[in-house]
Amino acid sequence: MKVRAVCDSRFDELSAMASASSVVARQWANDLGVPVAYLYADNADLAELILAFGLLTEHEQHRLAAEVRARVSAPTASKRVPCPERSGRGTG
């Protein structure tokens, strides 16, 4: 029982830290005028694409995303789970 309590406590601590990191990242992104995903990009090319994508209108984003999906031949592309619609897209 004691191990379970320690695990639960540690999970709560880690969840709080992740939540705080998310809040900080969102604030940095807002301050910089970039999408949050830009801060998490694995390389400069991806960061540049994320930044450019965020500058497009929502209609242009949908068109470009469809074009990229059509070009991708990886098996995971056909099994991807769509992201929920969000308001305020295209503004960073």
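The written sequence of each chain sets the order in which its residues are numbered from 1. Restriction of local features to residues with pLDDT of at least 70 applies here, the model being predicted, together with a cutoff of 80 or more for giving and counting side-chain atom pairs; totals for whole chains, interfaces and linings are based on all residues. Side-chain numbers come from the whole structure's heavy atoms, not from hydrogens or water.

Trainee: Is there a simple way to think about the overall build of the chain in this case?
Mentor: A run of DSSP states H or I qualifies as a helix once it reaches four residues; a run of E qualifies as a strand once it reaches two. Both are numbered from the N-terminal end. Of the regular secondary structure elements, the chain holds five helices and zero strands. The secondary structure elements of the chain, listed N-terminal to C-terminal, are α-α-α-α-α.

Trainee: Please explain the environment of Leu55 as it appears in this structure.
Mentor: Positionally, Leu55 belongs in helix H3 (residues 44-55). For the pair formed by Leu55 and Pro35, sequence separation is 20 residues and the distance between their alpha carbons is 9.3 Å.

Trainee: Mind showing me how you'd approach H3 here?
Mentor: An α-helical turn contains 3.6 residues, so any two residues separated by three or four positions project in the same direction. Given a helix with a known number of residues, its expected span is that number minus one, times 1.5 Å. Helix length check: H3, at 12 residues, gives a terminal C-alpha distance of 17 Å against a target of 16 Å (1.5 Å per residue), a fit within 8%. The term polar contact refers here to a pair of N or O atoms within 3.5 Å; inside protein, the definition further demands a hydrogen-donor-capable atom paired with an acceptor-capable atom, and it admits residues adjacent in sequence only when both atoms are side-chain atoms. One side-chain oxygen of the residue at the start of H3 lies 3.1 Å from the amide nitrogen of Asp45, identifying that residue as Asn43.

Trainee: Where do I start with a nonpolar patch on the surface in this structure?
Mentor: Exposure above 30% relative accessible area and no salt bridge define the residues that can form patches, which grow by joining like charges within 9 Å and nonpolar side chains of Val, Leu, Ile, Met, Phe, Trp and Tyr within 5 Å. To be clear on the numbers: accessible area is Shrake-Rupley with a 1.4 Å probe, and residue cover counts the displayed protein chains and nothing else. Salt bridges are defined as contacts in which a side-chain nitrogen from Lys or Arg sits within 4 Å of a carboxyl oxygen from Asp or Glu. Side chains of Val24, Trp28, Leu32, Leu39 and Tyr40 sit close together on the surface and give an oily, nonpolar patch of about 540 Å² of accessible area. Per-element accounting of the nonpolar patch gives the leading share, three residues, to helix H1 (residues 2-32). Mapped onto the secondary structure, Leu39 falls in helix H2 (residues 36-39). Take Leu39: its relative accessible area is 30%, and that puts it in the partly exposed class. To sort residues, take the accessible area from a 1.4 Å probe on protein chains only and compare it with the maximum for the residue type: under 20% means buried, over 50% means exposed, and anything in between is partly exposed.

Trainee: Explain the pattern of salt bridges to me, please; I cannot follow it from the model alone.
Mentor: Oppositely charged side chains can pair when the atoms bearing their charge come close. The final tally for this structure, using the stated rule, is one salt bridge. Close ionic contact of Arg71 with Glu67 constitutes a salt bridge, the shortest N to O distance being 3.5 Å. With Arg71 and Glu67 both in helix H4 (residues 58-71), this residue pair falls four residues apart, about one helical turn.

Trainee: Would you mind going over the confidence of the model for the chain with me for this structure?
Mentor: Caution is warranted with low-pLDDT regions, since their predicted coordinates should not be read in detail. Every residue gets a pLDDT, meaning the predictor's confidence in that residue, from 0 to 100. Per-residue pLDDT for the chain has a mean of 79; in total, 62% of the residues score no lower than 70. We call two residues in contact when some of their heavy atoms are within 4.5 Å. Counting contacts from residues 87-92, a segment whose pLDDT is below 50, to residues more than four positions away or on other chains yields 12 contacts.

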